[in-house]
Amino acid sequence: MGLWDELECEIVAPNVFQRAVQAAAAQRPVSRVLGRIHQPLDRAVAGLSGGRVSATRPLAGLPTITLVTMGARSGERRHTPLVAFPLDGNIAVIGSNYGSDRTPGWVYNLRATPEVEVEHRGRTVAATARRLGREAADSVWALAESTYAGYAQYRRWAQGREITVWVLCPRDA
């Protein structure tokens, strides 16, 4: 059993409000603001709900997890809320950083220490991260773009850098 199944993740069709939020978030000025406020907002909501809810799920209708990495330089635990996608029963995540020209810190953390934890709805599972090759990454991108139009924008905005895609698998697998 993969992480997607074990953590009971799911993709649900967004409602009218969530589609409006997604449309706004796919615009560059809004995306830049989200890049600054999303993580603190998600952390606050997760803290208030005991880790059972993130701000992204109710606001945008996107499937989310919290990735817990070890800081590549600091050695401290880092909690990063991310949109998640199913890949062969496991969880795929995309290092888009809202289309920024900068690679997100969690990608550097995975490169340094691929042993992570994945939190979802109050549960935590040990996992290992592996960078996907082009073919598998392309299938994740296709699903991501069909789930949220912002991903197509992110690819265009970040043309100067490679956006990596990662799969998270149970550590004992």
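As a starting point, this report considers the structure included with it.

Cut-offs and rules
Residues numbered from 1 in each chain as written. Predicted model: local features only at pLDDT ≥ 70, side-chain atom pairs only at ≥ 80, totals over all residues. Heavy atoms only, no water. Helix = DSSP H or I, 4+ residues; strand = E, 2+ residues; numbered from the N terminus. Rg over C-alpha atoms; globule rule 2.2 N^0.38 Å. Buried < 20%, exposed > 50% of the residue type's maximum accessible area, 1.4 Å probe, protein only. Patch = residues over 30% accessible without salt bridge, like charges linked within 9 Å, V, L, I, M, F, W, Y side chains within 5 Å. Areas by Shrake-Rupley, 256 points an atom, 1.4 Å probe, with all protein chains shown as cover. Salt bridge = Lys/Arg side-chain N within 4 Å of Asp/Glu carboxyl O. Pairing = 2+ DSSP bridges. Axes fitted to C-alpha atoms, helices over the stretch in contact; angles between N-to-C directions. Contact = heavy atoms within 4.5 Å.

Quick notes on the overall build of the protein
Then step 1. Scanning the protein for helices and strands turns up seven helices and seven strands.
Then step 2. The N-to-C order of helical and strand elements in the protein reads α-α-α-α-β-β-β-β-α-β-β-α-α-β.
Then step 3. Taking 2.2 N^0.38 as the reference for a compact globule, 173 residues should give roughly 16 Å; the C-alpha atoms of the protein span a radius of gyration of 15 Å, in line with that estimate.
Then step 4. Each of the three principal axes of the protein carries a C-alpha extent, and together these read 40 × 35 × 30 Å.
Then step 5. Looking at the 173 residues of the protein, the share that counts as buried comes to 44%.

Considerations on a nonpolar patch on the surface
Then step 1. A cluster of nonpolar side chains, Phe17, Leu41 and Leu59, forms an exposed patch at the surface whose accessible area comes to about 270 Å².
Then step 2. Structurally, Phe17 is set in helix α2 (residues 16–25).
Then step 3. Owing to a relative accessible area of 48%, Phe17 belongs among the partly exposed residues under this scheme.

Digging into the sheet that holds strand β3 (residues 85–87)
Then step 1. On the basis of which strands lie adjacent, the open sheet formed by seven strands has the order β2-β1-β5-β6-β7-β4-β3 and antiparallel pairing. The open sheet terminates on both sides in strands that have one partner only, identified here as β2 (77–83) and β3. Taken pair by pair, the neighbouring strands of this sheet meet at an average axis angle of 40 degrees, ignoring direction.
Then step 2. The sheet contact formed by strand β1 (residues 64–70) and β2 spans seven bridges and is antiparallel. Residue pairing for β2: Thr66 is matched across the bridge by Pro81.
Then step 3. Sitting on the sheet, helix α5 (residues 105–112) touches β1, β2, β4 (90–94), β5 (115–120), β6 (123–131) and β7 (165–170), and the angle it makes with β1 is about 55 degrees.
Then step 4. Across the sheet, helix α6 (residues 134–147) is in contact with β3, β4 and β7; its angle to β3 comes to roughly 150 degrees.

Points about the pattern of salt bridges
Once the charged atoms of two side chains with opposite charge are near each other, the side chains can pair.
Then step 1. Tallied over the entire structure, the rule returns eight salt bridges.
Then step 2. Between Arg123 and Glu6 there is a salt bridge, with the nearest N and O atoms lying 3.9 Å from each other. Of the two residues, Arg123 sits in strand β6 while Glu6 sits in helix α1 (residues 3–6), which places them 117 residues apart along the sequence.
Then step 3. The class for Arg123 is partly exposed, based on a relative accessible area of 37%.
Then step 4. Ionic pairing is found between Glu117 and Arg77, a salt bridge with its closest N-O pair at 3.1 Å. Of this pair, Glu117 sits in strand β5 while Arg77 sits in strand β2, and the two are 40 residues apart along the sequence.
Then step 5. The exposure class of Glu117 is partly exposed, given its relative accessible area of 25%.

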